[in-house]
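Analysis of the macromolecular model
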Amino acid sequence: MIRTVRTILCLMTLAVMTPIMAQDSDNGAWPWDFPQGVKLKMEVGQTVLSPYTYYPSSVEKGKPLREAVLIFYDTTVKEVGAEKSVLSTHNGEVEMPNALIIPLPTNAKAKKGDVVLTWWQSGSGLERAIVVDDSNSKEPKVCYLDLRWPDSPESPKLEEKKQGEPLKPGSFAILKDGQWQSGAQVAIKKDNEWLKGTLIHVEGDKVLVLGFGSKIEAYNKADVRLIPFKEKIKVGDKVWATWVNTYRPGYVVTAVDNESGHVYVKGERSSSVESRSIADVTKVLE
């Protein structure tokens, strides 16, 4: 298994072998204007994504949760609760607020071109991916959209990458454009900028978002815009593209690879071409 920095950090933060209960403290209290008790459709044994390592340890140490790095990893449900649920992890049982749990359906079937929410299955951490092979619809092969991709459409590395990686059964959820669902790509208007993020949950007029550096924040839904995965973008289009943690205008599309879910762009004042996933290039912010 490929070890990433996220995995190494996870292994360095060991939890005890009994349930870790999130106790309120001056710094470790729930800081977001968003309910902890989100209603979830899940059952014991189901696979979910959750920051089950970093959230409990941050609460225990009384760290400000807005500053915590909260990476979502895969795990399973041990006990379902109305406001908090218990997850069974490799370090034991951990109690987590439902708002920080994303269930993945047990019997999802995918077809080629579908965008799914999953995790990097030869590494770790939440990922969105596009299906490139649906010969086994319950174990589709995908290209990940949130991992680094070669900047040249002629790169010799692309042939291997485009073959994709198979997903385990019950390890993914299909994402649909225009739906406020966990895993959707969003842009948040703040201080005259559009911040990029991944939707965790929606409750009423509030949204909970996983942002840059795996930091979590709650926003008013009115300030958040869904970014489509299947937008009609062609060579020569002027688009907004992500730069660090924001969407910025002034990019021109030089190539499009719809099958792998990647777009190649360059700045209007730059000669260098850069790759972006289909989640990171848009015209809807014009």
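In what follows, the accompanying structure is described. Not measured: the values here are computed from a predicted model. (Residues numbered from 1 in each chain as written. Predicted model: local features only at pLDDT ≥ 70, side-chain atom pairs only at ≥ 80, totals over all residues. Heavy atoms only, no water.)

1. Quick notes on empty space enclosed by the protein
This structure, assessed with the given rule, holds three cavities of 30 Å³ or more. Contributing to the lining of the largest cavity are Leu 175, Lys 176, Asp 177, Gly 178, Gln 179, Gln 181, Ala 184, Gln 185, Leu 226, Ile 227, Pro 228 and Phe 229. Classifying every residue of the lining of the largest cavity by side-chain character gives six nonpolar, four polar and two charged. (1 Å grid on protein atoms, 1.4 Å probe; cavity = no way out; pocket = protein on both sides within 12 Å on 5 of 7 lines; lining within 4 Å. Points joined across faces, edges and corners; volume = space filled by probe spheres on them. Nonpolar A, V, L, I, M, F, W, Y, C, P; charged D, E, K, R; others polar.)

2. Describing the pairing of strand 16 (residues 238-243)
Strand residues, when the strand is regular, have side chains that alternate between the two faces of the sheet. Across five bridges, the pairing between strand 16 and strand 17 (residues 246-257) is antiparallel. Following the sheet pairing, Trp 243 is matched in strand 17 by Thr 246. With two bridges joining them, strand 16 and strand 20 (residues 281-282) adopt antiparallel strand pairing. Opposite Trp 240, over in strand 20, you have Thr 282 as the bridge partner. (Pairing = 2+ DSSP bridges. Helix = DSSP H or I, 4+ residues; strand = E, 2+ residues; numbered from the N terminus.)

3. A short note on the pattern of salt bridges
Applying the stated rule across the entire model yields eleven salt bridges. Between Asp 33 and Lys 206 there is a salt bridge whose closest N-O contact spans 3.0 Å. Placement of Asp 33 in the loop between helix 1 (5-12) and strand 1 (47-50) and of Lys 206 in strand 13 (residues 206-210) is noted, with a sequence separation of 173 residues between them. Looking at Lys 206, the relative accessible area reads 18%, which means it is buried. (Salt bridge = Lys/Arg side-chain N within 4 Å of Asp/Glu carboxyl O. Buried < 20%, exposed > 50% of the residue type's maximum accessible area, 1.4 Å probe, protein only.)

4. Considering the sheet that holds strand 3 (residues 84-89)
Strand order in the open sheet formed by five strands is 4-3-2-1-5, and the pairing between neighbours is antiparallel. Either end of the sheet is taken by a strand with one partner, and the two such strands are strand 4 (92-97) and strand 5 (102-103). Pairing geometry for strand 1 and strand 2 (residues 73-79), over four bridges, is antiparallel. When the bridges of strand 2 are listed, Thr 47 appears paired with Thr 76.

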